[in-house]
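Coordinate analysis (summary)
What follows is each chain in one-letter form.
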Amino acid sequence: MTEDLQTRAETPTGDAGLRRGVMGGGELAAQAIANIAPSAVIAFTAAAIYTTASNGTWVSFALATVVILSVGYCISQFAKRRSSAGSLYSYAATALGPFGAYLTGVSLIIGCFGIAAGSLSGSVAYTATLLNQLGIPIHGVAAQIVLAAVLGALATLFTIRGIRLSARVSLVLELVSVSIITLLLVFTLVHLGRALSMPASST
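Below or above, wherever it landed, is the structure these notes cover.

Definitions and limits used
Residues numbered from 1 in each chain as written. Predicted model: local features only at pLDDT ≥ 70, side-chain atom pairs only at ≥ 80, totals over all residues. Heavy atoms only, no water. Helix = DSSP H or I, 4+ residues; strand = E, 2+ residues; numbered from the N terminus. Buried < 20%, exposed > 50% of the residue type's maximum accessible area, 1.4 Å probe, protein only. Contact = heavy atoms within 4.5 Å. Areas by Shrake-Rupley, 256 points an atom, 1.4 Å probe, with all protein chains shown as cover. Core = buried A, V, L, I, M, F, W, Y, C linked by side-chain atoms within 4.5 Å.

Attention shifts here to the overall build of the chain. Across its full length, the chain carries seven helices and zero strands. When the helices and strands of the chain are listed from N to C terminus, the series reads α-α-α-α-α-α-α. The buried share of the chain, reckoned over its 203 residues, is 15%. Long-range pairs, those at least 24 residues apart, make up 57% of the contacts in the chain between residues at least 6 apart in sequence. Total accessible area on the chain is roughly 14900 Å²; 71% of this is exposed by carbon and sulfur atoms.

The biggest cluster of nonpolar side chains holds six residues, and these are Val-124, Ala-128, Leu-131, Ile-138, Leu-147 and Ala-148. Elements with a contribution of two residues or more to this core: helix H5 (87-133) and helix H6 (140-161). Those residues in contact with Leu-147 that sit more than four places away from it in its chain are Val-124, Thr-127, Ala-128, Leu-131 and Ile-138.

Have a look at this one:
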């Protein structure tokens, strides 16, 4: 099976591949961290899972970790033999043929649109809240549409300017987000710890 994949991967398919030397190790690490989006996982995923899994949340995380590591291992085996800008589409085309590539491509398109829509809507909501707290009123559908257009244009600009800039900006945003979330968690734990340590007042 491995030899078959390697033989098929070496067959020319018209894919020029990726340009060399565009991103260094730092940019690759930045892109990987940004794609994982640890801030979103900390802020939303754990709480969302806990509402349905309760004490079984750690089991859900453990199973998800096994699945992710398995998928990552499969992708790494293809990546060792072929570097391509086509993402999973190219790998599916190599191993599963045109129909498998078609299904993978459609799934990637749906996933990209879903992630883009969710990220943009979340960015608009949080940015509007921040601006309102700073005294800049953002109310109504029109204002939110304008804000979405501005944020979408910025994201598009970073993407067009190059993957290196996009990766660095994404990493900075993730580091800032994780730092803020960590500070809030520490503050909450300290505040709750003091509140719990105080003796209840008698009535």
